[in-house]
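Architecture and fold: a report
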Amino acid sequence: MADAVLASALGPLPEAGWETRVSVLAGRLRAAMLDQRDGARIVGGSYTTRQPTLTLADSLLAAMREAGFTGEAAVWAITTVFSYVLGEALEQQGRTEVDLEEAQATLSAEDYPHLARSPLPALLDFDARFAFGLRMITAGFREELARQRTA
């Protein structure tokens, strides 16, 4: 079942740099998991060595190598992306209806000063928070590559 979910994330990639290819693959993977009921749980609980899994891993690894990662760092980079996508999809699929007004009303500024002043609806803007997190991850990759070049 996990292979079927992952297979739906595969397809030609744009002729673009590594960051765009990673973003496209991550977005496709997220969409594939979200399109299947409990898709993130299915994929997260499965380690397969079949074609869809290997093709996805190979495509991500090619992008990481193009970026400049080698050896263990390249493998860790792809697992970072995969784990992030999986975690966000799990969160979104596990979401229950939350009454944000009720939640905000129960947050005491004295007990939870930071939460009480936070834009709680942003927690449920899954598309925006996914895009933000992915940008932070790729920015971290760029920073690590720059650090390695100067070391």
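Here, every reference points to the structure presented above.
The text that follows walks through the structure, step by step, so that each part is easy to find. (Residues numbered from 1 in each chain as written. Predicted model: local features only at pLDDT ≥ 70, side-chain atom pairs only at ≥ 80, totals over all residues. Heavy atoms only, no water.)

Attention now moves to the overall build of the protein. Broken down by element type, the protein carries 8 helices and 0 strands. Along the protein, from the amino end to the carboxyl end, the secondary structure elements read α-α-α-α-α-α-α-α. For the protein, the C-alpha atoms occupy an extent of roughly 50 × 45 × 25 Å along the three principal directions. In the protein, buried positions account for 31% of the 151 residues. Considering only contacts in the protein between residues 6 or more positions apart, those separated by 24 or more positions represent 72%. As displayed, the protein offers around 9,300 Å² of accessible surface, 54% of which is attributable to carbon and sulfur atoms. (Helix = DSSP H or I, 4+ residues; strand = E, 2+ residues; numbered from the N terminus. Buried < 20%, exposed > 50% of the residue type's maximum accessible area, 1.4 Å probe, protein only. Contact = heavy atoms within 4.5 Å. Areas by Shrake-Rupley, 256 points an atom, 1.4 Å probe, with all protein chains shown as cover.)

Note on helix geometry: an α-helix contains 3.6 residues per turn, so any two residues three or four positions apart are oriented the same way. The terminal C-alpha atoms of helix α8 (residues 126–150) lie 36 Å apart, and with 25 residues this matches the ideal 36 Å at 1.5 Å per residue to within 8%. Every buried residue of α8 is listed here: Phe126, Phe130, Gly133, Leu134, Ile137, Thr138, Phe141 and Leu145. Looking at the buried positions of α8, the neighbouring elements they touch are α2 (18–35), α4 (51–67) and α5 (71–94). (Expected span 1.5 Å × (residues − 1).)

Once that is clear, we can look at the layout of surface pockets. Of the pockets and cavities examined, the largest pocket occupies roughly 480 Å³. Broken down by secondary-structure element, the contributors of at least two residues to the lining of the largest pocket are α1 (2–7), α3 (39–44), α4 and α5. Class assignment for the residues of the lining of the largest pocket results in 13 nonpolar, 7 polar and no charged. (1 Å grid on protein atoms, 1.4 Å probe; cavity = no way out; pocket = protein on both sides within 12 Å on 5 of 7 lines; lining within 4 Å. Points joined across faces, edges and corners; volume = space filled by probe spheres on them. Nonpolar A, V, L, I, M, F, W, Y, C, P; charged D, E, K, R; others polar.)

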